[in-house]
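A closer look at the structure
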Amino acid sequence: MSEITLGLMTVSDVEAVHAIEVACFKTPWSKESFYREVTENACARYMVLREDGVAMAYAGVWFVLDEGHITNIAVHPDRRGRGYGEKVTRALIQMAADSGMSWMTLEVRRSNQVAQNLYHKLGFIDVGYRK
């Protein structure tokens, strides 16, 4: 049975997180972007769900004043349907609350119904749409 853990992203997670990013998005962030998020961006926090020590899902947020803005959430395609996205997102929301964030925002494509269903389940509401 696999060991599932949640924790803050570290430099040692960057390779696996970037591989998930590439597998999940048409325009992925660069490996260097994730490295800078961990090492230089004082506003950035990333939670990683690890299976047997290897990142399988991640979620990121930027803390700006009293707002947490979710930057990205992704689950390795081979691990979808196991609740990993919900687990890592709930951990991110709890971390934001523990850090004093009053509210959180995110953007999601209107075509991404799976993600929207998760966000609605977690209490997010639609407040606007971009063209």
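Above: the structure in question.
The structure displayed is predicted, hence computed values, not measured ones.

So, about the overall build of the protein. What the protein contains, in helices and strands, is 4 helices and 5 strands. Across the protein, helices and strands are ordered from the amino to the carboxyl terminus as β-α-α-β-β-β-α-β-α. Computed over the C-alpha atoms, the radius of gyration of the protein is 14 Å, within 12% of the 14 Å expected from 2.2 N^0.38 for a compact globule of 131 residues. C-alpha extents for the protein along the principal axes are approximately 40 × 30 × 30 Å. Across the 131 residues of the protein, 37% fall into the buried class. When contacts within the protein are restricted to residue pairs at least 6 apart in sequence, those whose partners lie at least 24 apart make up 61%. When the accessible area of the protein is evaluated, it comes to approximately 8000 Å², of which 52% is carbon and sulfur surface. If you average the places of the 15 positive and of the 16 negative side-chain charges in the protein, the two averages end up 7 Å apart.

Quick look at the pattern of salt bridges now. Overall, the coordinates contain 6 salt bridges when judged by the stated rule. Across the salt bridge formed by arginine 50 and aspartate 13, the nearest N and O atoms sit 2.6 Å from each other. Here the residue arginine 50 occupies a position in strand β2 (residues 44-51), and aspartate 13 occupies one in the loop between β1 (4-8) and α1 (14-24), the gap between them amounting to 37 residues. In terms of burial, arginine 50 and aspartate 13 fall into one category: buried. Between glutamate 51 and arginine 79 there is a salt bridge, and its shortest N-O distance comes to 3.0 Å. A residue pair is termed long-range when its members are at least 10 positions apart, and glutamate 51 in strand β2 and arginine 79 in the loop between β4 (67-75) and α3 (84-98) qualify at 28 residues. For glutamate 51, a relative accessible area of 8% gives the class buried. Connected through salt bridges with shared partners, the residues Glu51, Arg79 and Arg82 form a single ionic network.

Okay, the side chain of threonine 89 next. Turning to its location among the elements, threonine 89 is positioned in helix α3. Judged by its relative accessible area of 0%, threonine 89 falls in the buried class. Apart from the residues lying within four places of it in its own chain, the contact partners of threonine 89 are Ile73, Leu118 and Leu122.

Taken in spatial order, the 5 strands line up as β1-β2-β3-β4-β5 in an open sheet, and their pairing is mixed. The sheet terminates laterally at β1 and β5 (103-105), the two strands that pair on one side only. With strand direction ignored, the average angle separating the axes of adjacent strands in the sheet is 25°. Direction of pairing for strand β3 (residues 54-64) relative to β4: antiparallel, over a ladder of 8 bridges. The residue of β4 that forms the bridge with glycine 60 is asparagine 72. Relative to the sheet, α1 contacts β2, β3 and β4, its axis offset from that of β3 by approximately 90°. Here helix α2 (residues 31-39) sits on the sheet and contacts β2, β3 and β4; the angle it forms with β2, its principal contact strand, is near 110°.

Each value, and the rule that gives it
- Residues numbered from 1 in each chain as written.
- Predicted model: local features only at pLDDT ≥ 70, side-chain atom pairs only at ≥ 80, totals over all residues.
- Heavy atoms only, no water.
- Helix = DSSP H or I, 4+ residues; strand = E, 2+ residues; numbered from the N terminus.
- Rg over C-alpha atoms; globule rule 2.2 N^0.38 Å.
- Buried < 20%, exposed > 50% of the residue type's maximum accessible area, 1.4 Å probe, protein only.
- Contact = heavy atoms within 4.5 Å.
- Areas by Shrake-Rupley, 256 points an atom, 1.4 Å probe, with all protein chains shown as cover.
- Lys, Arg positive; Asp, Glu negative; His and termini not counted.
- Charge placed at Lys NZ, Arg CZ, Asp CG, Glu CD.
- Salt bridge = Lys/Arg side-chain N within 4 Å of Asp/Glu carboxyl O.
- Pairing = 2+ DSSP bridges.
- Axes fitted to C-alpha atoms, helices over the stretch in contact; angles between N-to-C directions.

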